[in-house]
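Working through the structure, step by step
So you can see what is in the structure, the chains are spelled out below.
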Amino acid sequence: MRALRFHAARDLRVEDISAPPGNPPPGQVLVRNRFAGICGTDLHEYAYGPIFIPTTPHPYTGAHGPQILGHEFGGVVEAIGAGVTNVKPGDRVSIQPLIMPRSGDYFAERGLFHLSPQLALVGLSWAWGGMAEAATVHDYNVQKIPDSLSDEEAALVEPTAVAVYSCDRGGVSAGHSVLVTGAGPIGLLTLLAARAAGAGPLFLSDLNDARLAYAKAIVPELTTLNPKRDNVGEAVRAATEGGVGCDVALECVGNEHALKACLDAVRKQGVVVQTGLHPHENPLDWFQVTFKDVDLRGAWAYPTHYWPRVIRLIASGALPAAKAVTARIKLQDAVSQGFEALLDPSGKHLKILIDLNG
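Residues numbered from 1 in each chain as written. Predicted model: local features only at pLDDT ≥ 70, side-chain atom pairs only at ≥ 80, totals over all residues. Heavy atoms only, no water.

On to the overall build of the protein chain, then. Across its full length, the protein chain holds 10 helices and 18 strands. Against the compact-globule benchmark of 21 Å for 358 residues, the protein chain has a radius of gyration of 20 Å, which places it among compact chains. The C-alpha extent of the protein chain, read off along each of the three principal axes, is 65 × 45 × 40 Å. Expressed as a percentage of the 358 residues in the protein chain, the buried residues total 55%. Contacts spanning at least 24 positions in sequence make up 71% of the contacts within the protein chain whose residues lie at least 6 apart. (Helix = DSSP H or I, 4+ residues; strand = E, 2+ residues; numbered from the N terminus. Rg over C-alpha atoms; globule rule 2.2 N^0.38 Å. Buried < 20%, exposed > 50% of the residue type's maximum accessible area, 1.4 Å probe, protein only. Contact = heavy atoms within 4.5 Å.)

Below you can see the structure in the form of structure tokens.
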């Protein structure tokens, strides 16, 4: 089968490799992949990696390079191993890509699988990934999807789960004023998740006017801010009740200036959630953290039980995740029209999906 594999930074290759076995091991599922999304994590691996991709065998899965990329994907079940009862051949599924011990682990015993120190991910530290014609995963990695969810949307459940969890960590609920920093795919999906929770007014900041305009077209009531021209904190305070700032600020880019803007814009006793991955340590005005009596929280991935909830949100139309998609490409064009296009500083694209049947 064809697969896109990471060999080194700036060295991704579409290669012919052996397909997964037609008879999956016990507890595992063979999936014929349909669509796969290119994630910011994939971009970082391509530009600067290996980061999460292990250079020696992963301590839990044993995986190491060359790595098939892709952890945002879905497809159709082709075969199941012994003991699998949650899906059957022919079922359309979305992939929850986190792999970890299911017991005998402090966090696993508490259902917090995403916090396991032995965590691995399909497409980053597992033998298979979504940017290939097929993949084998555990039964707990597959969630059957309804007819009301498209194949494309199945590949968007994973990044949407990140967005929903970010809002949950912030306690976003009806009537909350919310600032999102970063108008990339996760930022846009987080904005849509906040709106689905009933939040408003909504604010979005980014340095890219094209992305701000794209978001504004999707959410007309949105207030867009460009830090090159706007003082984000002042603008948010001026548009919120009592001039105190927003209830919740969600940092979705991994940038120290964006995090500082969140702290500036949030009201006293508000909540700041760090969702974007920072590449290095960043300074923060800790006097303001104390003086404003704020909660500062991280949001790492998502609880694995989110999949049915996020599927319902997307399928119902309450969270139109497909609006984040700006291109659909073929696997052989993934590097030139996918990875390179997303690294273009002009930022014309948000989410690009790879059509594995294309």
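Looking at the secondary structure, you find P20 in the loop between β2 (11-16) and β3 (28-37). Remark: the alpha-carbon pair of P20 and L30, spanning 10 residues in sequence, is separated by 7.5 Å. The residues contacting P20, other than those within four sequence positions of it, are M1, L30, W128, A134, A135 and T136.

Taken in spatial order, the 6 strands of this open sheet run β13-β12-β11-β14-β15-β16, and their pairing is parallel. Here the strands that pair on one side only, and so sit at the sheet edges, are β13 (223-225) and β16 (295-298). Ignoring strand direction, the axes of neighbouring strands in this sheet form an average angle of 20 degrees. Strand direction decides the pairing type here: strand β11 (residues 178-181) and strand β12 (residues 202-205), joined by 4 bridges, are parallel. The partner of T181 across the bridge, within β12, is S205. Against the sheet, helix α3 (residues 157-169) touches β14 (246-251), β15 (266-274) and β16, its axis set at about 150 degrees to β15. (Pairing = 2+ DSSP bridges. Axes fitted to C-alpha atoms, helices over the stretch in contact; angles between N-to-C directions.)

This paragraph deals with the sheet that holds strand β4 (residues 67-68). Taken in spatial order, the 3 strands make up an open sheet running β2-β1-β4, and their pairing is antiparallel. Lying at the two open borders of the sheet, with one neighbouring strand each, are β2 and β4. In terms of strand pairing, strand β1 (residues 2-8) meets β2 through 6 bridges, oriented antiparallel. Considered in β2, the bridge of F6 is made with L12.

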